[in-house]
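# Observations on the model geometry
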Amino acid sequence: MTERTTRTESMESANEILRGVRLFNPADGFDGVVDVAAGRDSVLWIRKASGKPSGLWLLPGLVDMHVHLRTPGCEDAETLETGLRAAVAGGVTRVGMMPNTTPALDTLDLALSVKEKGELFGLARIEPIPCVTRGRAGEICTDLEDFAGSGITCFSDDGSPVESDKALLDAFNRVASFNGVVIEHPEVTAMAAGGAVNLGRASTETGVQGIPESAEHLDVKRCIDILRDSRSGARLHLTHLSSPESIRQVHEAVLAGLKVTCDVTPHHLALNEEAVIALGPVAKMNPPLRSEESRKEIVHMVREGMVTAVASDHAPHTSTRKELPLSTAAFGIIGLETLLPVTLGILGGEAGMHPLDIIRLLTTAPASVLNTAPPDIAAGKPLNMILFDPELQWTYTRTFSSSSNSPFFGERLKGRVVRVWFGRELYREGEFV
Ligand SMILES: [Zn+2]
């Protein structure tokens, strides 16, 4: 086949050719500068670049495994549509939806209904993560097998831990039969109760009750102990870890042959407790921002491969719930739109990690935890990719979320998602297509 024939064929079918983009594709470990032809809904071909590099990166659509969409029940803070728009603007094409809505996502009907409603917008896809226990009350497991029959295999009581040891043991024994996973929000609630910031400098400086790191890692230990005793071979995922001791325990469990994974948030990598001292409630989240010593150690642990994934813990709140005294303001910050630049900034800068390894933490790794297909940019595959300008400096002053509670709001960031395709082109330079 001559070069001319090839070009004629592809020019006829390609909607667009992206030239000289640096493709990072963790699904096959590819890193190189290429030309990519995009058809209406799929990738037509990928070839070695014919001209100069554009300086832009082409990445698979991100998988954010920890997102609060607030619907049903708290639509003034976020609707499915605004949450999914914020996701796409951040380059996220699949969101793991946490179940602490009102009512909680504890029935198959409700989980399927949010997933189906989400599909109607044609934006990012919702992967529902229903409750481990009925009403998210921590006592009696939901109909786990019922969910699994419809392809839903990840469960969490996020917002709270699975309080009952017996329920947790029961859940491990049951999810093991379908390779499901229990995603634990690790917290000893009695120890954290009444606290708002890190126990240490933040609690001393603000005069507000502190939450110790042990309130997290003692629950990590409990979960791992119960998993080991269950002899079930089940999978356990520990989310938004803020304490190096938690990550050490996960690592030891992995070395002992248990199927344990974990994630950290971009804000726990980028910020320490000084942020909540300086900024107040907009930097209040659970678990709280920790000491600089802990933050540094966690960044190091991510580089050492001890952390499976990075997830935003996107947690929108209206200003009426956030603009309150530090002790009573709601926990949580939005994070979908800053997920990629903040993560790349720290892990590419301070940790010196290779971009391909960072992108893996945001794509194939969380997809694997969620039992969903890895995003993959390859000829013949449906469009699921984002164009990212790693050098673009911008100020975060506009959000597609219904809420704007982020310590990064108004801040200067480096690196921005400029275009997103998921099934078709969805987003281009700040606007939905
Ligand atoms: Zn949580």
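Residues numbered from 1 in each chain as written. Predicted model: local features only at pLDDT ≥ 70, side-chain atom pairs only at ≥ 80, totals over all residues. Heavy atoms only, no water.

### Things to note about the pairing of strand E3 (residues 43-48)
Condition: Here, a strand pair is defined by DSSP locating no fewer than two bridges between the strands. For the purposes of this entry, the term helix denotes a DSSP run of H or I that reaches at least four residues, the term strand denotes a run of E that reaches at least two, and both are numbered from the N terminus.
Here 5 bridges tie strand E2 (residues 30-38) to E3, and the two strands are oriented antiparallel to one another. For valine 34, the partnering residue across the bridge sits in E3 and is lysine 48. Where E2 folds back on E3, the antiparallel hairpin that results is connected by 4 residues.

### What about the domain arrangement of the chain?
Counted only if it meets this: All domain edges in this entry derive from an automatic or database-based domain assignment. By definition, a salt bridge exists where a carboxyl oxygen of Asp or Glu is found within 4 Å of a side-chain nitrogen of Lys or Arg. Polar contact is defined as a pair of N or O atoms within 3.5 Å, subject to the rule that within protein one atom must be able to donate a hydrogen and the other to accept it, and that residues adjacent in sequence are counted only when both atoms are side-chain atoms.
By domain assignment, the chain separates into domain 1 (3-58 + 379-432) and domain 2 (61-369). A C-alpha centroid distance of 28 Å is found between domain 1 and domain 2. There are 0 salt bridges connecting domain 1 and domain 2. At the junction of domain 1 with domain 2, the criterion picks out 15 residue pairs in polar contact (both at pLDDT 80 or more). Broken down by secondary-structure element, the contributors of at least two residues to the side of domain 1 that touches domain 2 are strand E1 (16-25), E2, strand E15 (384-395), strand E16 (412-422) and strand E17 (425-428). Top element by residues in the side of domain 1 that touches domain 2 is E16. It accounts for 7 residues.

### What about helix H3 (residues 108-120)?
Here is the rule we go by: What a helix should span is 1.5 Å times the count of its residues minus one. Contacts: residue pairs with any heavy atoms within 4.5 Å of one another.
In this model, H3 (13 residues) spans 19 Å end to end at C-alpha, consistent with the 18 Å of a helix rising 1.5 Å per residue. Packing partners of the buried residues in H3 comprise helix H2 (80-89), strand E6 (92-97), strand E7 (125-128) and helix H4 (144-149). Looking at the residues trailing H3, positive phi occurs at glycine 122, about 60°.

### Here we look at the coordination of the zinc ion
For clarity, the threshold we go by: Sites may look incomplete, because water is not among the atoms used; the donor set itself consists of N, O and S atoms within 2.8 Å of the metal (3.2 Å for Na, K and Ca). Three labels apply to residues, based on accessible area from a 1.4 Å probe with only protein chains included: buried if under 20% of the type maximum, exposed if over 50%, partly exposed otherwise in between.
Each protein donor to the zinc ion is listed here as Asp158 (OD), His185 (ND1) and His240 (NE2); together their distances run 2.0 to 2.3 Å. Note on aspartate 158: relative accessible area 2%, which makes it buried.

### Regarding the sheet that holds E3
What counts, and what does not: Here an angle of 0 to 180 degrees is reported between the N-to-C directions of two axes, which are lines fitted to C-alpha atoms, with helices fitted over the stretch in contact.
The strand order E3-E2-E1-E4-E15-E16-E17-E18 describes an open sheet built from 8 strands, whose pairing is mixed. The open sheet has two free edges, formed respectively by E3 and strand E18 (431-432), since each of these has just one partner strand. Here E1 runs beside E2; their pairing, made up of 8 bridges, is antiparallel. The partner of isoleucine 17 across the bridge, within E2, is alanine 37. Sheet strands touched by helix H15 (residues 355-362): E1, E2 and strand E4 (57-60). Its angle to E1, the strand with the most contacts, is close to 90°.

### A closer look at the confidence of the model for the chain
Put simply, the rule is: In predicted models, pLDDT denotes the confidence assigned by the predictor to each residue on a 0 to 100 scale.
Put simply, the chain has an average pLDDT of 96, and 97% of its residues get 70 or more. Mean pLDDT values over the elements of the chain span from 45, in helix H1 (residues 3-13), up to 99, in strand E12 (residues 235-238).

### A short note on the pairing of strand E9 (residues 181-184)
The cut-off we apply is this: Handedness of a crossover is defined as follows: orient the strands so they point away from the viewer, and if the path from the first strand over the helix to the second runs clockwise, the crossover is right-handed.
On E9, burial covers both faces: Val181 and Ile183 on one face and Val182 and Glu184 on the other are all buried. As paired elements, strand E8 (residues 154-156) and E9 share 3 bridges and run parallel to each other. Note on E9: the bridge partner recorded for cysteine 154 is valine 181. Read as a crossover between parallel neighbours, the route from E8 over helix H5 (residues 165-175) to E9 is right-handed. Bridge count for E9 against E12 is 4 bridges, and the pairing is parallel. The partner of glutamate 184 across the bridge, within E12, is leucine 238.

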